[in-house]
Amino acid sequence: MNIYEEANRCLLCQDAPCTKACQTGDPARAIRAIRFDNHKPALRWVKDCSDADLERAEQACIHYNWPICIREMMRAIHPDDVDDSQYPPLDITFCGIKCENPFFLASSAVCTNYEMVANAFDAGWAGVFYKTICMQEIKEVSPRFDAMHNNATHGDFYGFRNMEQLSENPVEMDFDILHRLKWNYPTKVVVASIMGQTEEEWVALAKMAQEAGCDAVELNFSCPQMKHKGMGSDVGQSPELVNTFTACVKRSVKIPVIPKMTPNITHITEPAQACLQAGADAISAINTIKSVTMDARAEVAGARTISGYSGRAVRPIALRHVLELAQMPEKPVLSGIGGIETWRDALEFIQLGCSNVQVCTAVMQYGYRIIDDLVLGLRRYLAKRGIKELAPLVGESLPLFLHPDSLNRDTIVYPQFNKEQCVGCGRCEISCSDGGHQAIIFDHETRKPRLVGSRCVGCHLCCLVCPAGAIGESKRVPHRR
């Protein structure tokens, strides 16, 4: 059984019936651990369960097709090879601020009032970039969200489009909320995200953030769907404007100032450099990507518009922008945003130079509870590598990134076929023939593929399309031309 495929079928229920029926363990939590890339530690939640317990859990499953195969999933997992008593902590310093872990809520719909943020803090999130505060009256549209699914699937989307703007609360209410959050959760990091239309507005909002006791202020130069002129991503594309606004805020407050960059630009380093020259303490990247979806259900009274795209589909684009920022001579402190769903996603941002990461869309899908697996996975990863703290991982992958001209072009890695694992579907031959280099021959009698080494260029398209995972890699060898 592919346990990840089965875990992806799980509805991730609230007050899960399977766990209520089990009584001796928490199979729902075990499945959630698998779903969010923690399959090895998953057994801890069912270690005392008998086969009869798990059978009762399966019988209680409310899946709309057929019950999740809980017993078979748990049998397919080998015991964890990492001692969970040796997990190191995840505390890290960001802009001189101590954070209990690197996981923050991104400025968005996931943090619009006191109760929401308090619940997130109680769940284990280290901090919040509160939903952006502005002086203008904000009126949102309905509907305001759309999502990209695979075929006719529901619930689990890979891309998310939103037309939401900024906080609809009165300014005084939002800063009172931030003040109370910091007072009641002194060890958590509270960042006010603000957006002004003039220098005076930027300064006034920043001062209010500082007076409320916020640890830092984020300057939102990047919202892609602002209705007011001179605000949002249009500002973020102008090095002159971001320099001016960053400088005036830096002069007015003593707390760290963190401009938030737009990805809707050719060279993200240009406005970022202008912000750093104005004294910015760190850079947040990225905000959502301007996009269009065509589902009629997302129309607003028969009309459509361009708006922001997020979710796991944008992660490679976000990583590209983060990499470019991390490679700047100024070496800015970075907060990474964009498609983070699992601890491994977060690790990619950290290894490219981010001291913390912000999460939005995954929380909208699965709730604040994903912090459990974000923390668990990253702590276990540190323990497995024998690393005692998170800081050494920040930027550790940067030396691996070279200019295309510097890549090795004299060696090749051929694909390697596991004939026992191969199911004989022929997908590798189809893709190689129609989209590759015609280097695979499919035997229709044995239903097995055969590699033609003289034609293979080592592109690994076949590895990527094999649904059974039966194509791996051989050793790197000199290229025979």
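Residues numbered from 1 in each chain as written. Predicted model: local features only at pLDDT ≥ 70, side-chain atom pairs only at ≥ 80, totals over all residues. Heavy atoms only, no water.

Section: the nonpolar core
The condition is simple: The definition of a nonpolar core used throughout is a set of buried Ala, Val, Leu, Ile, Met, Phe, Trp, Tyr and Cys residues joined through side-chain atoms within 4.5 Å. A 1.4 Å probe rolled over the protein chains alone gives each residue an accessible area, and that area as a share of the maximum for its type sets the label: buried under 20%, exposed over 50%, partly exposed in between. Each helix corresponds to a stretch of at least 4 residues labelled H or I by DSSP, and each strand to a stretch of at least 2 residues labelled E; elements are numbered beginning at the N terminus. Here, two residues are considered to be in contact whenever any of their heavy atoms come within 4.5 Å of each other.
Core analysis: the largest hydrophobic core is formed by 129 residues, its most contacted members being Trp125 and Phe175. For this core, the element with the highest residue contribution is helix α12 (residues 315-326), accounting for six residues. Once you skip the residues sitting within four places of it in the chain, Phe175 turns out to touch Ile133, Ala192, Ile194, Leu205, Met208, Ala209 and Ala212. Ile412, Cys462, Ala470 and Ile471 belong to the second-largest nonpolar core, a separate cluster that totals 13 residues.

With respect to helix α3 (residues 27-35)
Think of an α-helix as 3.6 residues a turn; residues three or four steps apart then line up on the same face. Within α3, nine of the nine residues are buried, which leaves it mostly tucked inside the rest of the structure. All buried positions along α3 are accounted for by Pro27, Ala28, Arg29, Ala30, Ile31, Arg32, Ala33, Ile34 and Arg35. Of the residues trailing α3, Asp37 is marked for its positive phi of about 70 degrees.

Remarks on the packing of helix α8 (residues 199-211) against helix α10 (residues 239-252)
Counted only if it meets this: Fitted lines through C-alpha atoms give the axes, limited to the stretch in contact for helices. The angle between two N-to-C directions lies from 0 to 180 degrees. In these notes the angle categories are as follows: under 35 degrees is roughly parallel, over 145 is roughly antiparallel, 65 to 115 is roughly perpendicular, and the rest is oblique. In this scheme the crossing of two helices becomes right-handed for a clockwise turn of the near helix relative to the far one and left-handed for an anticlockwise turn of less than a right angle.
It is the contact of α8 with α10, at a shortest axis distance of 9 Å, that shows an interaxial angle of 40 degrees. The orientation of α8 with respect to α10, classified from their angle, is oblique. With respect to the hand of their crossing, α8 and α10 are arranged in right-handed fashion. From α8, Glu199, Trp202, Val203, Ala206, Lys207 and Gln210 reach across to α10, where they touch Thr244, Phe245, Cys248, Val249, Arg251 and Ser252.

Overview of the pattern of salt bridges
The cut-off we apply is this: The term salt bridge refers to a side-chain nitrogen of Lys or Arg lying within 4 Å of a carboxyl oxygen of Asp or Glu.
Applying the stated criterion across every chain, the model contains 31 salt bridges. One salt bridge connects Glu6 with Arg9, and the closest N-O pair in it is separated by 2.7 Å. Of this pair, Glu6 and Arg9 both sit in helix α1 (residues 3-9), three residues apart, roughly one helical turn. For Arg56, the salt bridge is made with Asp53, and the minimal N-O distance between the two is 2.3 Å.

Overview of the packing of aromatic side chains
What counts, and what does not: Note on ring pairs: Phe, Tyr and Trp rings are taken, using the six-membered ring of Trp, and paired if centres are within 6.5 Å. Classes follow the plane angle, with under 30 degrees stacked, over 60 edge-to-face and the rest tilted. Here, a charge over a ring is recorded when the distance from Lys NZ or Arg CZ to the ring centre is within 6 Å and its angle to the ring normal is within 35 degrees.
According to the stated counting rule, one finds eight aromatic pairs in the structure shown. Relative to Phe129, the ring of Phe104 lies with its centre 5.7 Å away and its plane at 55 degrees, an arrangement referred to as tilted. Of this pair, Phe104 sits in strand β3 (residues 103-105) while Phe129 sits in strand β4 (residues 127-133), and the two are 25 residues apart along the sequence. You can call Phe129 buried: its relative accessible area is 0%. Just above the ring of Trp45 sits the side chain of Arg29; from NZ or CZ to the centre is 4.2 Å. When the ring centre of Tyr114 is taken as reference, the NZ or CZ atom of Arg180 above it lies at 4.6 Å.

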